[in-house]
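Topology and contacts: notes
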Amino acid sequence: MARKPKLAVWKFASCDGCQLSVLSCEDELLTLANQIEIAYFREASSTVIKGPYDLSLVEGSITTEHDAERIQKIRNASRSLVTLGACATAGGIQALRNFADIKEFLSIVYAKPGYISTLEKSTAIAAHVKVDFELRGCPINKSQLIDVIKAFIHGRAPTVPPHSVCLDCKRKGVVCVMVARGVACMGPVTHTGCGVLCPSYARGCYGCFGPKENPNTASLADWFIRLGTVRDDVVRTFRNFNSDAPAFRVESERQQKLS
Ligand code: SF4
Ligand code: SF4
């Protein structure tokens, strides 16, 4: 009988939300269980099966020297590597330190900063090793995750679309909060995946799925200013869970220079 592909799930700096999304796929994972072997997933099981692994799913960002060494070993032990969520694909909320002085943070937050061992920046996994696919979201979308796992098992490309939340809004017939109410909304530059959660409740999108493919962030930022958003708030809008995603980082820095 053919060997089942080995799946491993790894954690770096993160809140564990994306691993919980993997766990909450239990029905779908049970269906896949006769096709894959879950070889390493410490949040789900203490069983550890040695690599190499056919597919590694990686949650979290790189924030310590130890992380930076560990991700190299994981890459070397993995045939394919997929990053899960805002931390692994864009540094996560912890990447807000990338725009500040980490030494100042340490001195304010910790009574004994000397005990803390950390890098100055929180960075995406792709800044350290080759990544075969980045799955966005904070947290990730379960159906997109299952599609990605199936794609790598069967040697095909994932079918996760790269378009914006805006496109989904139009398809669902949700009234545009920006056009109808002048609410600043990140939907035009944000990656699909949430099912239009915030605009469905008459709220602007705040970009938790990170940038869509080829986003026009400069144009959207100009629209926010025209709607009356103060420049500092435009900077903050591009700096949240995905602040180190290149498109959002560049725009927040451009807006900061203009303020
Ligand atoms: S509400 Fe936001 S996501 Fe929806 S169409 Fe308007 S700008 Fe786009
Ligand atoms: S609308 Fe935007 S902020 Fe809200 S869940 Fe979707 S991607 Fe995240």
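So, here's what we can say about the structure. (Residues numbered from 1 in each chain as written. Chains lettered and ligands numbered in written order. Predicted model: local features only at pLDDT ≥ 70, side-chain atom pairs only at ≥ 80, totals over all residues. Heavy atoms only, no water.)

This next bit is on the overall build of the protein. Of the regular secondary structure elements, the protein holds twelve helices and five strands. What you see for the protein is a C-alpha radius of gyration of 19 Å, in line with the 18 Å of a compact globule of 259 residues. Dimensions of the protein, computed from the C-alpha atoms along their principal axes, are close to 65 × 50 × 25 Å. Out of the 259 residues in the protein, the part that is buried amounts to 47%. In the protein, once contacts between residues fewer than 6 apart in sequence are set aside, the share between residues at least 24 apart is 72%. As displayed, the protein has an accessible area near 13200 Å², and 55% of this comes from carbon and sulfur atoms. Placing the 32 positive and 25 negative side-chain charges of the protein at their respective mean positions leaves the two points 2 Å apart. (Helix = DSSP H or I, 4+ residues; strand = E, 2+ residues; numbered from the N terminus. Rg over C-alpha atoms; globule rule 2.2 N^0.38 Å. Buried < 20%, exposed > 50% of the residue type's maximum accessible area, 1.4 Å probe, protein only. Contact = heavy atoms within 4.5 Å. Areas by Shrake-Rupley, 256 points an atom, 1.4 Å probe, with all protein chains shown as cover. Lys, Arg positive; Asp, Glu negative; His and termini not counted. Charge placed at Lys NZ, Arg CZ, Asp CG, Glu CD.)

The next thing to look at is the site of ligand 2. Around ligand 2 sit Thr-190, Cys-194, Leu-197, Cys-198, Pro-199, Cys-205, Tyr-206, Gly-207, Cys-208 and Phe-209, and that is every residue in its neighbourhood. Taken together, the residues of the shell around ligand 2 break down into eight nonpolar, two polar and no charged. (Near = heavy atom within 4 Å. Nonpolar A, V, L, I, M, F, W, Y, C, P; charged D, E, K, R; others polar.)

Across the interface, helix α11 (residues 231-238) lies against helix α12 (residues 246-258) with an axial gap of 8 Å and an inter-helix angle of 165°. The orientation of α11 with respect to α12, classified from their angle, is roughly antiparallel. The element α11 and its partner α12 pack so that their crossing is left-handed. Contact with α11, carried on its side by Arg-231, Val-234, Val-235 and Phe-238, involves Phe-248, Glu-251, Ser-252, Gln-255, Gln-256 and Leu-258 of α12 and no other residues of that element. (Axes fitted to C-alpha atoms, helices over the stretch in contact; angles between N-to-C directions. Parallel < 35°, antiparallel > 145°, perpendicular 65-115°, else oblique. Left-handed = near helix turned anticlockwise from the far one by under 90°.)

Scanning the model with the defined rule gives five aromatic pairs in all. Measuring from ring centre to ring centre gives 4.1 Å for Trp-10 and Tyr-40, while their planes differ by 25°; the resulting arrangement is stacked. With Trp-10 in strand β1 (residues 6-11) and Tyr-40 in strand β2 (residues 37-41), this residue pair connects regions lying 30 residues apart in the sequence. A connected cluster of aromatic rings, assembled from ring pairs, spans Trp-10, Tyr-40 and Tyr-53. Taking the ring centre of Phe-12 as reference, the NZ or CZ of Arg-70 above it sits at 3.9 Å. (Phe/Tyr/Trp six-rings, centres within 6.5 Å; stacked < 30°, edge-to-face > 60°. Lys NZ or Arg CZ within 6 Å of the ring centre and 35° of its normal.)

Next up on the list: the site of ligand 1. Taken together, the residues surrounding ligand 1 are Val-165, Cys-166, Cys-169, Lys-170, Cys-176, Val-177, Cys-185, Gly-187, Pro-188 and Pro-199. When residues in the shell around ligand 1 are grouped by element, the largest group, four residues, is from helix α7 (residues 165-172). For the shell around ligand 1, the per-class residue count stands at eight nonpolar, one polar and one charged.

Further remarks concern the packing of helix α10 (residues 217-226) against α12. The geometry of α10 relative to α12 is characterised by a closest axis approach of 10 Å and an angle of 45° between their N-to-C directions. Between α10 and α12, the angle falls in the class oblique. For the pair α10 and α12, the crossing hand works out as right-handed. Contacts between α10 and α12 involve Thr-217, Ala-218, Ala-221, Asp-222 and Ile-225 on the former and, on the latter, Ala-247, Phe-248, Glu-251, Arg-254 and Gln-255.

With that settled, consider unusual backbone geometry. For the peptide bond that leads from Gly-51 to Pro-52, omega is 5°, which places it in the cis range. Looking at where Pro-52 falls in the secondary structure, it is placed in the loop between β2 and β3 (53-59). Look at the link from Cys-138 to Pro-139: it is a cis peptide, with omega at 0°. Here Pro-139 lies in the loop between β5 (133-135) and α6 (142-154). Residues other than glycine seldom take positive phi values, yet Val-196 does so here, at roughly 60°. Summarising the element assignment, Val-196 is placed in the loop between α8 (177-181) and α9 (197-200). A relative accessible area of 0% places Val-196 in the buried class. Although it is not a glycine, Ala-202 adopts a positive phi angle of roughly 65°.

Our focus in this paragraph is the side chain of His-163. Within the element layout of this structure, His-163 appears in the loop between α6 and α7. Take His-163: its relative accessible area is 18%, and that puts it in the buried class. Engagement of the side chain of His-163 in a polar contact is seen with the side chain of Asp-168, the distance being 2.8 Å. Look past the residues within four positions of His-163 in its chain and what remains in contact with it is Asp-168, Arg-171, Thr-190, His-191, Thr-192 and Lys-212. (Polar contact = N/O pair within 3.5 Å; in protein donor to acceptor, adjacent residues only side chain to side chain.)

In short, the description is geometric, and any link to function would need to be established separately.
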